[in-house]
Each structure stands twice: as C-alpha cells, then as structure tokens.
Amino acid sequence: MEAATSVSRSWTLEVFAQRSAYREPGYPVLLGIMFKVFGRGYPAVLLTNCGLAAAALLFLALAGRELFGETVSLLAAAISACYPPFIYYAALPARETAILAASAAALWTLVRALARPGAAAFAWAGLAAAFCGLTNVTLLPFALVLAPAAVVLLRRRWLWSGVYLAAFLAVYSVWPLRNYIAFRAWIPGTTMTSGTILFNYLVVPQELGGTPEEERLRKEDPVFQAAAGMPREQAELHFRKASAAWIGSHPWAYLKLVAWRFFWDEWRLWPRPQAAGDSYRKLRWVGLLTDGWLIPLGLLGMLLARKVPRSLCLVLFVFALALTHSLILTMLRYRLPIMPWMILFASLAVSRLWALRRGEPLQAPSS
C-alpha cells in the first residue's frame, strides 16, 4: 500500500520515504494509478482487484477454449469464480489477484501464439511474460527459461523463441535498469528477504512456522544472533551466505527437504493447524470440498491432456512454480497462481470421465 501511495503522489516507488526495490513494481504501479484516479482507499483496492479477477477468469477461459474446447473452459471459469481463496485474496490489498491475472495472460498469449505462430503473436507472448515477472519474480524461471524452451520444443523454431525473448527483455530490463540508476547495484528482481526466509526454514521445521517455538529456535541460533542489529541489506547477504554454507554442509538433508516440499507439502489440501486458529475445522472442510477433488483430478487431467501438446506450457508452469517455491518455502498462499490451471485440468478430467460414461475414449482429443 505504501509503495502504491508513493506512485499515486509522485510516480516513485518509495517505502518509508526511501526509494525501494523491496517488491516487484507491477501491482504497486497499477494500484497507484487507481489511487490517483479514484483516491486512496479500499474502494480503489476492491475495484482494482475485481477487475484483475475478471481478467484472470477471461484469460483462463480463453486458454482453456484454445486447448480443450468451450465446455471445459466454461466449467473451469465457473469453478474458479467460486474458488474460496480467489475470492478471499480479491478482497485484500495484496498482489495475489494481480499475479493470477498476469500469469493467466502470459499463458493464454503463449498458447495462442503456438497455435497461430508469427512474430507479432510471440512478441505479445513475450510482453505478457515480462509483466508476469514484474508482478512476481518467482515466475521468472518459467517466463525466462521454460516458456522459450517450450516454444522450441513444440514449434521446432528458434526464431519464434528469439522473438519472445526479445520482447520479454525489452520490457523487463527497464526494472533492473531503474534499480541500477537508483541504487548503483544490479538488482534483477527485488531486495525482499528471500535469503532470510530460506535460512529460517533450514533451521526451523516448516510446520513450526508462526508458532512460539519458531521464535525460540531463532533466538537460540548463532546465525540469527549475529544478524541482530544489521541493516536489512547486510542481513540479507549474511543469511544468503549462511544458507549456502548450511546447504553445502547438509546437501542430502536439503534435497530431502526440497523433495518433501515439492512432492507432498505443495499439494496439501488444507492449512496447517497453527495457521488456522479457531477456524481450523471449517478450513479443513473447505479444503476437502475444494482442493480435495480439484488437485487429484487436476493431476489426472494433466495425464489425459497428453494428446494436446500445447498443454505442456501449463504443466511446465505448474511444476516450475512448485519447484521454485520448494527451494525456499511452500505455503498454500504461494500455490495460488497454479490453481487456475489445476482447475482447468480438473475440468478436463470431469469432462472426459463424463464422456467415458457415454462410451467415448477417456483421453482428451488432440488439438
């Protein structure tokens, strides 16, 4: 909110009266423009997020129609419109809904470009991917690496991948260039405390996050003790070095932790008890009634979509984001951007299972 307020007042990204690269600029700039037009307040936040939510549903439906047809796309959009976490975050002054809209736009333009290739189509896909990265830096591994790799794999043309990357870099490079001018340092993403978070959950069991036990372990740890009183940037470098040293000393323990996050914790159906408070029973039922069937059917839908080669982009997006988070920390909030696509694949599975009752093949028709 403070960065958005700064944009609305002076077209700068400032936090605590200082120029900042703590967060990606996408959502603060958009919200700042809305504050400038409609005034700073919750109505502007709600209007912004509702518009972004509608855009996310539209792009999801368009991508679904490109890949699996009208019925599956409409079913996915209808389920997404009622999905409780999407509704919850749309009501908050948080970037989650912007991430949904940006990633949905990036995937739709990429799927469309693969179907009807051309310089303009792949340039639009690259531009959309750049805005995706400017909204959340954890989307960069897919947008910058896996998406152009998928273009080469599916279209057998390096040229289209080059057009995509050129458009991506033309837009995204403005952010690290701004940071270099502002801070005389190359900051390709953000100065957010990712190193602190990484080290924290190397020495604190993730299931203890947010509990008094986490605070006790931090106070007893010599690395945290040494960081006391350090400026944020210095502390971040301190924790990154400590994380690298810990991983170097415990490589198998780290691989085991990442595997547990990637194969198990990323797919939890409800929050951990300590994060839910007195509403834990209700949240568990909400999880079972939504993610309890969406995630298993979504994974089944990925298998059924094998004859639709362009759906590989969605699969790569889901697992790239899951792996990126698994390297540092997994939590249900971070899983939000992959859920529209899990819902789409689940809708495909529902459609094919219904067709199976009529004697049709289970696997999705090729596109």
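It should be emphasised that the depicted structure is a prediction, and the values quoted were computed from it without experimental measurement.

This brings us to helix H7 (residues 119-135). The terminal C-alpha atoms of H7, which comprises 17 residues, lie 25 Å apart, in line with the 24 Å expected from a rise of 1.5 Å per residue. Residues of H7 that are buried include every one of Ala121, Phe122, Ala125, Gly126, Ala128, Ala129, Ala130, Cys132, Gly133, Leu134 and Thr135, and no others. Among the structural elements, helix H2 (26-38), helix H6 (96-115), helix H8 (140-155), helix H9 (158-172) and helix H10 (174-183) are those in contact with the buried residues of H7.

Here we come to the packing of aromatic side chains. By the definition in use, this model includes 14 aromatic pairs. An aromatic cluster is built from Phe262, Phe263, Trp267 and Phe319, whose rings are joined through pairwise contacts. It is Arg112 that lies over the ring of Trp108; its NZ or CZ is 4.4 Å from the centre.

To continue, consider the packing of H6 against H7. Packing of H6 against H7 leaves a shortest axis separation of 8 Å and a crossing angle of 160°. With respect to each other, H6 and H7 are oriented roughly antiparallel. You can see that H6 and H7 cross each other, and the crossing is left-handed. Contact residues: H6 offers Ala98, Ile99, Ala102, Ser103, Ala105, Ala106, Thr109, Leu110, Ala113 and Leu114, while H7 offers Ala121, Phe122, Trp124, Ala125, Ala128, Ala129, Phe131, Cys132 and Thr135. Taken together, the residues of the contact of H6 with H7 sort by class into 16 nonpolar, 3 polar and no charged.

So, on to the nonpolar core. Phe68, Leu110 and Trp341 are the most contacted members of the largest nonpolar core, which totals 88 residues. Take this core: its biggest share by element is 13 residues, from H6. With sequence-adjacent residues up to four places away left out, Leu110 is seen in contact with Ala125, Phe142, Ala147, Val151, Tyr164 and Cys313. Grouped together as the second largest cluster of nonpolar side chains are 7 residues, Val223, Phe224, Ala227 and Phe239 included.

In this model H6 runs 29 Å from its N-terminal to its C-terminal C-alpha over 20 residues, within 8% of the 28 Å that 1.5 Å per residue would give. Taken across its 20 residues, H6 has 18 buried, putting it largely inside the fold.

Assignment of secondary structure puts Arg9 in helix H1 (residues 2-10). Exposure remark for Arg9: the relative accessible area of 68% places this residue in the exposed category. Considered as a pair, Arg9 and Phe35 are 26 residues apart in the sequence and their alpha carbons are 8.9 Å apart.

With the rule as written, the count across this model stands at 10 salt bridges. Between Glu96 and Arg333 there is a salt bridge, with the nearest N and O atoms lying 2.8 Å from each other. Of this pair, Glu96 sits in helix H6 while Arg333 sits in the loop between helix H19 (312-326) and helix H20 (339-357); the two residues are 237 residues apart in sequence, bridging distant segments of the chain. The exposure class of Glu96 is buried, given its relative accessible area of 8%. You can call Arg333 partly exposed: its relative accessible area is 34%. Its salt-bridge partner being Arg268, residue Asp265 comes within 2.7 Å of it at the nearest N-O pair. Take Asp265 and Arg268: they sit in the same class, and that class is buried. Among the charged side chains, a salt-bridge network with shared partners connects Glu66, Arg116 and Arg310.

Each value, and the rule that gives it
Residues numbered from 1 in each chain as written. Predicted model: local features only at pLDDT ≥ 70, side-chain atom pairs only at ≥ 80, totals over all residues. Heavy atoms only, no water. Helix = DSSP H or I, 4+ residues; strand = E, 2+ residues; numbered from the N terminus. Expected span 1.5 Å × (residues − 1). Buried < 20%, exposed > 50% of the residue type's maximum accessible area, 1.4 Å probe, protein only. Contact = heavy atoms within 4.5 Å. Phe/Tyr/Trp six-rings, centres within 6.5 Å; stacked < 30°, edge-to-face > 60°. Lys NZ or Arg CZ within 6 Å of the ring centre and 35° of its normal. Axes fitted to C-alpha atoms, helices over the stretch in contact; angles between N-to-C directions. Parallel < 35°, antiparallel > 145°, perpendicular 65-115°, else oblique. Left-handed = near helix turned anticlockwise from the far one by under 90°. Nonpolar A, V, L, I, M, F, W, Y, C, P; charged D, E, K, R; others polar. Core = buried A, V, L, I, M, F, W, Y, C linked by side-chain atoms within 4.5 Å. Salt bridge = Lys/Arg side-chain N within 4 Å of Asp/Glu carboxyl O.

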